[in-house]
Each structure stands twice: as structure tokens, then as C-alpha cells.
Amino acid sequence: MDKKTKILLVDDDVNLRQMYAEIFKNSGFEVVEAGDGVEGLDKASKEAPDVIFTGIIMPRMDGFTMMEALKKTVMTASIPVVISSHMGREEDQQKANALGAKDFIVRDITRPIETVERIRALFIQEGGEYKLEFSADRMDAPKLAKDLSFNPTFNCLDCGTTISLNLKLINKKDRIFEAKFVCPKCGWEAK
Ligand SMILES: [Zn+2]
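In this text, all values refer to a predicted model and were calculated from it rather than measured experimentally. (Residues numbered from 1 in each chain as written. Predicted model: local features only at pLDDT ≥ 70, side-chain atom pairs only at ≥ 80, totals over all residues.)

Trainee: Lay out helix 1 (residues 14-26) in plain terms, naming residues and giving numbers.
Mentor: For an α-helix the count is 3.6 residues per turn, leaving residues at separations of three or four pointing the same way. With 13 residues, helix 1 should cover 18 Å at 1.5 Å per step; its first-to-last C-alpha distance of 18 Å lies within 8% of that length. If you check which residues of helix 1 are buried, you get Arg17, Tyr20 and Phe24. For helix 1, the angular spread of the buried residues around the axis is 70°, confining them to a single face. Structural note: helix 1 exposes Val14, Asn15, Glu22 and Asn26 on the side pointing more than 90 degrees away from its buried face. Buried residues along helix 1 sit in contact with strand 1 (6-10), strand 2 (30-34) and helix 6 (112-121). Once helix 1 finishes, glycine 28 follows within two positions and takes phi at roughly 95°, a positive value. (Helix = DSSP H or I, 4+ residues; strand = E, 2+ residues; numbered from the N terminus. Expected span 1.5 Å × (residues − 1). Buried ≥ 20, exposed ≤ 12 C-beta atoms within 10 Å, placed from the backbone. Arc of directions from axis to C-beta. Contact = placed C-beta atoms within 7 Å.)

Trainee: Describe the environment of isoleucine 52, listing the residues and the values that go with them.
Mentor: Inspection of the secondary structure assignment puts isoleucine 52 in strand 3 (residues 51-55). Note: C-alpha distance between isoleucine 52 and glycine 63 (11 residues apart in sequence) is 10 Å. Setting aside anything within four residues of it in sequence, one finds isoleucine 52 in contact with Leu8, Val10, Gly40, Ala44, Ile79 and Val81.

Trainee: Can you break down helix 3 (residues 63-70) residue by residue, with the values?
Mentor: Regarding helix 3, the residues found buried are Gly63, Phe64, Met66, Met67 and Leu70. On an axial view of helix 3, the arc spanned by its buried residues comes to 160°, and they lie on one face. Buried residues along helix 3 sit in contact with strand 1, helix 2 (37-47), strand 3, helix 4 (74-77), strand 4 (81-85) and helix 5 (90-98).

Trainee: Any chance you could break down the sheet that holds strand 4 for me, citing the residues and the numbers?
Mentor: Ordered in space as 2-1-3-4-5, the 5 strands form an open sheet in which the pairing is parallel. Where the open sheet ends on each side, the last strands, each with one partner, are strand 2 and strand 5 (103-106). The mean angle between the axes of side-by-side strands here comes to 20°, regardless of whether they run parallel or antiparallel. Where strand 1 lies against strand 2, 5 bridges are found, and the strand directions are parallel. If you follow leucine 8 over to strand 2, its bridge partner there is valine 32. Its contacts with the sheet put helix 3 on strand 1, strand 3 and strand 4, and the angle it makes with strand 3 is roughly 150°. (Pairing = 2+ DSSP bridges. Axes fitted to C-alpha atoms, helices over the stretch in contact; angles between N-to-C directions.)

Trainee: Just give me the short version of the domain arrangement of the chain, but keep the residues and values in it.
Mentor: Domain parsing of the chain yields domain 1 (6-121) and domain 2 (129-182). Between the C-alpha centres of domain 1 and domain 2 the distance comes to 40 Å. (Domains from an automatic or database assignment.)

Trainee: Describe the pairing of strand 7 (residues 164-171), with residues and values.
Mentor: Pairing geometry for strand 6 (residues 129-132) and strand 7, over 4 bridges, is antiparallel. Counterpart to lysine 131 in the pairing with strand 7 is asparagine 166. In this sheet, strand 8 (residues 176-182) lies alongside strand 7 in antiparallel orientation, the contact comprising 7 bridges. Directly across from asparagine 171, in strand 8, lies its bridge partner isoleucine 176. Counting the residues that bridge the hairpin from strand 7 to strand 8 gives 4 residues, and of these arginine 175 lies at a positive phi of roughly 55°.

Trainee: Lay out the environment of leucine 132 with the relevant residues and their values.
Mentor: Tracing the backbone shows leucine 132 in strand 6. A C-alpha to C-alpha distance of 19 Å links leucine 132 and asparagine 171, two positions 39 residues apart in sequence. Here leucine 132 is in contact with Ser164, Leu165 and Leu167, once residues within four sequence places are set aside.

Structure representation (C-alpha cells):
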């Protein structure tokens, strides 16, 4: 099984942080929490999270100052940061962009589950390939075999292994895939 994505939630509003912590946990993330930028920096280097979701205004150290500090250490410099903004002020958005934030989420207009989806999307790579098992007798499979002159059992013509459907993600925003039949064993591809 794949390792869980570890997210560091940085916010001084405990209720808000706990609400997000629960939603991210329920969505399969491992969650680490910090109450301000100082604690966030500390947890970022100790816990090496895959992503940081941080508020802006916090006591001791704000989210933007924390982002600048994260960049000064090799270990934390490349951790993607997503900003959690209360009001979505234009100047905050510009500052977030300038500091290389991966996303800028305005809490008042973004449902928490949508926030999870947007953060999850940061980890989907375009060009990523997925091999799927294919049922030779289900739905349009027999018609497909006939139309394309495939072996009706969907076995590889070269080695006899059951061929699989290969999906390649070509547009992650609209979730558009390119599909191809391939043999997982010998590499035969439908032309
Ligand atoms: Zn084969």
C-alpha cells in the first residue's frame, strides 16, 4: 500500500485546525498540527511533511514569514505550501504567488472537502500511467474485440498473457486520459 500523504496544518485557531485535521484524516492523510509559524517551522523540519497548509495571520510568526524561513533550509525548502486565507485579500494572493505558494484557498468560499481535493491534486502527475484489468466479456468488450480484430479473450497475440488497459493522464484538471491496450508481460501494444 502507498504511504499516506503527510500534511502539516498550521493555524492558531484551534477549532478551525481540528476541523481540517479531522477532514484530512478522514480523507486518508496523516496529519501533523502546529499553532503558529514558529511551531510550524519546527514541525516541518522534524516531521518532513509532504505538504503544508497554513494560515496567514498568527502570533509569533505569520504564514508568509514561515514560508520565507522554510526556504532557507535545504530539508524544508521544497515542501509545497498552500495558503489558507480568511478573506482572500488581493495583496495576500500576490504575496503568496511571489513566495511560490502552490495554491491559495479562500476559506469563506471554499468547502473543506474541496480544499482536500485541491491539495490532493498537487500530487497527481500529468503523464502518470495506470494499468487496469479488463473484463473480456463485460459491456462493450466483445464488440471492441470484434471491431478492432483483437483476440476475443483479450490475450496478447505474442505471449498469451491477458492484456490490460493502460490509462495515461494527459490533463489533470479535467481528468482526461489517453487509453491504450498493452500486454503487461511482453510490452505488446495495440497499434
Ligand atoms: Zn505479451
